[in-house]
Amino acid sequence: MRIFVLSGQSNMAGRGGVHHRRWDGVVPPEGAPDPGIQRHSASLDWEEAREPLHADIDTTKTCGVGPGMVFARAVLPSLQEDNPGEGALAGIGLVPCAVGGTAIREWARGEHLYEQMVSRARVAAQYGEIEAVLWYQGESDAESHASAAAYLGNIERLIANVREDLGMPQLPFIQVALASGDKRNIDEVRNAQFSVNLPDVVTVDAMGLALNEDNMHLTTESQVKLGKMLAEAYIKNFLTTC
């Protein structure tokens, strides 16, 4: 099984189709369930993945469509081609860890969210290889100049810590540059995201994708586009070197 960790805050957890704290239940065909895609539940069991992926992880908010299922469906055929004849071993395992409204300081080593993410990843890794971390976070850090100014150091530290704690010094890390956030500081956070100077880190730009009426969260259509963008980044930059 090829395992991908999904982490960050609300746009990774998924708010596509959520309006007035209710999800409309619409799942795009690009994100429909597939027997080859499994999900690591909050109780650490594997089950067929389906939207909303983070329903039992981001429990204090209403979850909807995120990029994870679209990403997995887009990547699955390439993984099967990369492993001809392996059958179920070529399947994908998604490990949802994102929690809405969280700042990067809450993902520091020793903090609950960080330790939970690493713990879930370690358990999942007993069933396959961790291929990458998909990370979409930073809107909360755009809310203050101090947090935005510290973002580069914090995100580089996070990546280094995750790699060290999982014993994977070259673990691919695909991050999403913000599409929304406080206009006073969003550019500083985005600049930090594009300035990460670590190997095997790729940044996908979400700017310009359509937002819900709250002007913060990606629409379902935008999550479909983002999932495909993340898949293209993984296939182009990492699949041939796995």
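Residues numbered from 1 in each chain as written. Predicted model: local features only at pLDDT ≥ 70, side-chain atom pairs only at ≥ 80, totals over all residues. Heavy atoms only, no water.

Asker: So what's going on with the sheet that holds strand β9 (residues 201-205)? Which residues, and what values?
Answerer: Spatially, β5-β4-β6-β1-β7-β8-β9 is the arrangement adopted by the seven strands of the open sheet, whose pairing is mixed. Each edge of the sheet is formed by a strand with only one pairing partner; in this case those strands are β5 (46-48) and β9. Strand-to-strand twist of the sheet, defined as the mean angle between neighbouring strand axes without regard to direction, takes the value 25°. With five bridges joining them, strand β1 (residues 2-8) and strand β6 (residues 92-96) adopt parallel strand pairing. Within β6, the residue paired with phenylalanine 4 across the bridge is leucine 94. Of the strands in this sheet, β7 (129-136), β8 (173-177) and β9 touch helix α5 (residues 151-165), which is tilted by about 155° from β8. (Pairing = 2+ DSSP bridges. Helix = DSSP H or I, 4+ residues; strand = E, 2+ residues; numbered from the N terminus. Axes fitted to C-alpha atoms, helices over the stretch in contact; angles between N-to-C directions. Contact = heavy atoms within 4.5 Å.)

Asker: Could you give me a rundown of helix α3 (residues 112-124), with the residues and numbers involved?
Answerer: Between its terminal C-alpha atoms α3 stretches 18 Å, which fits the 18 Å expected from 13 residues at 1.5 Å a residue. Buried within α3 are the following residues: Leu113, Tyr114, Met117, Val118, Arg120, Ala121 and Ala124. Looking straight down α3, one finds that the buried residues subtend no more than 160° of arc, so they occupy a single side. (Expected span 1.5 Å × (residues − 1). Buried < 20%, exposed > 50% of the residue type's maximum accessible area, 1.4 Å probe, protein only. Arc of directions from axis to C-beta.)

Asker: If you had to explain the packing of aromatic side chains to someone new, which residues and values would you point to?
Answerer: Counting across every chain of the model gives seven aromatic pairs. When the centroid spacing of 6.2 Å and the interplanar angle of 75° are considered together, the rings of tryptophan 46 and tyrosine 127 count as edge-to-face. Here the residue tryptophan 46 occupies a position in strand β5, and tyrosine 127 occupies one in the loop between α3 and β7, the gap between them amounting to 81 residues. Classification of tryptophan 46 by relative accessible area gives partly exposed; the value is 22%. Between tryptophan 135 and phenylalanine 173 the ring centres are 6.2 Å apart and the planes differ by 40°, which places this aromatic pair in the tilted class. Taken together, the residues tryptophan 135 in strand β7 and phenylalanine 173 in strand β8 connect sequence positions 38 residues apart. The pair formed by tryptophan 135 and phenylalanine 173 is uniform in burial state, with each residue classed as buried. (Phe/Tyr/Trp six-rings, centres within 6.5 Å; stacked < 30°, edge-to-face > 60°.)

Asker: Please set out the environment of valine 202 residue by residue, giving values where relevant.
Answerer: Its location among the elements puts valine 202 in strand β9. Each C-alpha atom of the pair valine 202 and glycine 25 lies 31 Å from the other, and the pair is 177 residues apart in sequence. Excluding anything up to four places from it in sequence, valine 202 contacts Phe173, Ile174, Gln175, Ala233, Asn237 and Phe238.

Read these as spatial facts, not as claims about activity.
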